[in-house]
Amino acid sequence: MTNDNVDIIIRGAGLSGMSLLLALTEQGYSGNVLVVEKRAKPETQKTWCFWGEQNISSSLHHLIKRRWFSWSFSNGRQEYHHCAQSNEHAYCCLQAEDFYQYAFDKLKGLPTIEWLWNTDSELIDSVDANAHADAHADTQASANSVELALNGRRVSASFGFDSACGISLPEGNTINQYFVGAWVKTSTQSFNAKKAALMSNMTADESCFEFTYILPFDADYALIELTRFSMRDESLADMQSACEKIVNNGVYGNDVVIEKWEKGVLSMDTRIAPVKVGNWNCIGARGSMIRASSGYAFLTIQRWAQKTAQSLCSENKLSLAKPISPLYSALDSLFLKVMRKNMALSPTLFNAMAKNLSADVFARFMTENATFSDVLSIIKAMPIRPFVKALFTPEH
């Protein structure tokens, strides 16, 4: 087995790993980086959305596929509309395939980056790594280093980032977000391309909150996604069948073509903790980089990548800032606790937020830019009794 040394190891070439690579490159990082990915290529059937293009690096602005200044919420009886007043609060969308193509074009050929695709790897704990270092002094491993075993190689680095780390699940109920989306082309002008439906036809029972998410990219082209926040196990195959029925229910005409699908499952629980191995840093969905109450992650990951790259480039150390601030984690935690106690209340909660908040306040809250006044407005918008009950009642 050969022993190698690099400055950084990134295990997983998904959104978080690639975002960190881009940020390091843009900020002039000169160290050697090893990227290890178990898949043959990234998963590109994904769509990422966020509010306010100024919240991401200007180098990514050209990747934004669509901006909406209006979005809606509805439960079949009531519909509420938000209208943003400027680009600062526009709802933006980009596609994974565009992001990864841009990243590969930017990073390919750089002599400081080694890529290993379709490669299994195993993390080595710090204790084992240090014991190995004592036996093989030429590895230059230290108490702060990480090690990885793969393909007959043992690679050590000063910093390691892992997007495939294990997670520790809390006792009791947890909520997962299940989503299945169809990219559809219609023969008629079926969509209002100026307005996104963030939560349409909201329904809920004691275990599951369901809605349809619609992103119209043109009057005849849209992503129609069935989403469930659920405490029970959901079948993505069954959800795809249900989504097909929504697409073909006649509302969008009789000649609808489904061009492609995207689907996935996200954990929605601030109590889920990553399981670290030695000095490895957990990143991505398993590294608590998702807003647990909504599933939005793109903006959080971009901010984390920029801060981490800046710290590594300027001081050769990691930033101690959490990807999501304690305030928003606390608010998300309480909101999710209310949902776990009474999932059937979910449409009421989101309708109350839509009804009582302006588009700008809502956008600032979703991007962690809320003012003190905004936070008070959000608290005031919610029905007080279930939140007080959740705040003072322990879960079993």
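Data block above holds the structure.
Residues numbered from 1 in each chain as written. Predicted model: local features only at pLDDT ≥ 70, side-chain atom pairs only at ≥ 80, totals over all residues. Heavy atoms only, no water.

Asker: Help me understand the overall build of the chain in this model?
Answerer: A tally of regular secondary structure across the chain gives ten helices and 19 strands. At 22 Å, the chain has a C-alpha radius of gyration in line with the 21 Å of a compact globule built from 396 residues. Dimensions of the chain along its principal axes, counting C-alpha atoms only, are 70 × 50 × 40 Å. Relative to its 396 residues, the chain shows a buried fraction of 53%. Of the contacts formed within the chain by residues at least 6 apart in sequence, a portion of 77% connects residues at least 24 apart. For the chain, the exposed area adds up to about 18,100 Å²; of that, 49% sits on carbon and sulfur atoms. Charged side chains in the chain number 37 positive and 41 negative. The centres of these two groups are separated by 7 Å. (Helix = DSSP H or I, 4+ residues; strand = E, 2+ residues; numbered from the N terminus. Rg over C-alpha atoms; globule rule 2.2 N^0.38 Å. Buried < 20%, exposed > 50% of the residue type's maximum accessible area, 1.4 Å probe, protein only. Contact = heavy atoms within 4.5 Å. Areas by Shrake-Rupley, 256 points an atom, 1.4 Å probe, with all protein chains shown as cover. Lys, Arg positive; Asp, Glu negative; His and termini not counted. Charge placed at Lys NZ, Arg CZ, Asp CG, Glu CD.)

Asker: Explain the sheet that holds strand β17 (residues 256-268) here, please?
Answerer: Whether parallel or antiparallel, the strands of a sheet pair through hydrogen bonds between backbone atoms. The seven strands lie next to each other as β6-β5-β14-β15-β16-β13-β17, forming an open sheet whose pairing is mixed. On the outer flanks of this sheet lie β6 (79-83) and β17, each paired with one strand and no other. Between one strand axis and the next, the sheet turns by 15° as a mean value, whatever way the strands run. The pairing of strand β5 (residues 70-74) with β6 spans five bridges and is antiparallel. Paired with phenylalanine 73 across the strands is tyrosine 80, a residue of β6. (Pairing = 2+ DSSP bridges. Axes fitted to C-alpha atoms, helices over the stretch in contact; angles between N-to-C directions.)

Asker: Help me understand the nonpolar core in this model?
Answerer: Generally speaking, nonpolar side chains in soluble globular proteins are found buried as a group. In this structure, Trp71, Tyr91, Leu215 and Met339 are the most contacted members of the largest nonpolar core, which totals 53 residues. If one sorts the elements of this core by residue count, helix α8 (residues 359-366) sits on top with six residues. The contact partners of leucine 215, leaving out residues within four places of it in the chain, are Thr47, Cys49, Trp68, Tyr91, Cys93, Ala196, Tyr221, Ala222 and Leu223. In this structure, Ile64, Cys92, Phe298 and Ala309 belong to the second largest nonpolar core, which totals 43 residues. (Core = buried A, V, L, I, M, F, W, Y, C linked by side-chain atoms within 4.5 Å.)

Asker: Can you walk me through the pattern of salt bridges in this structure?
Answerer: Oppositely charged side chains can pair when the atoms bearing their charge come close. In total, this model carries 20 salt bridges according to the counting rule given. Between arginine 154 and glutamate 147 there is a salt bridge, and its shortest N-O distance comes to 3.1 Å. Here arginine 154 and glutamate 147 have matching classes, each one buried. Of the charged contacts in the structure, one is a salt bridge between aspartate 205 and arginine 232, with a shortest N-O distance of 3.3 Å. Of this pair, aspartate 205 sits in the loop between β14 (195-204) and β15 (208-218) while arginine 232 sits in the loop between β16 (221-230) and α4 (236-247); the two residues are 27 residues apart in sequence, bridging distant segments of the chain. Within this structure, Asp205, Glu210, Arg228, Arg232 and Glu234 form a network of salt bridges that share partners. (Salt bridge = Lys/Arg side-chain N within 4 Å of Asp/Glu carboxyl O.)

Asker: Please clarify how the packing of helix α1 (residues 15-26) against helix α5 (residues 298-315) should be interpreted in this entry.
Answerer: Between two packed helices, both the angle of their axes relative to each other and the distance between the axes serve to describe the pair. Packing of α1 against α5 leaves a shortest axis separation of 8 Å and a crossing angle of 40°. As judged from the angle between their axes, α1 and α5 are oblique. α1 and α5 meet at a crossing whose hand is right-handed. For the pair α1 and α5, contact is made by Leu15, Ser16, Ser19, Leu20, Ala23, Leu24 and Glu26 and by Phe298, Ile301, Gln302, Trp304, Ala305, Gln306, Thr308, Ala309, Leu312 and Cys313, respectively. (Parallel < 35°, antiparallel > 145°, perpendicular 65-115°, else oblique. Left-handed = near helix turned anticlockwise from the far one by under 90°.)

Asker: Before we go on, may I ask you to explain helix α9 (residues 372-381) in this structure?
Answerer: Structural remark: α-helix, 3.6 residues per turn; residues separated by three or four positions point the same way. Here α9 has its buried residues at Asp374, Val375, Ile378 and Ala381. Buried residues along α9 cover an arc of 125° about the axis, so they all sit on one side. What points out from α9, more than 90 degrees from its buried face, is the exposed set Phe372, Ile379 and Lys380. (Arc of directions from axis to C-beta.)

Asker: Would you mind going over the packing of helix α6 (residues 326-341) against helix α7 (residues 346-356) with me for this structure?
Answerer: Their axes nearest at 9 Å, the elements α6 and α7 cross at an angle of 145°. In this structure, α6 contributes Phe335, Val338 and Met339 to the contact, and α7 contributes Ser346, Leu349, Phe350 and Met353. In terms of residue class, the contact of α6 with α7 is built from six nonpolar, one polar and no charged. (Nonpolar A, V, L, I, M, F, W, Y, C, P; charged D, E, K, R; others polar.)

Interpretation in functional terms is not warranted from these geometric data alone.
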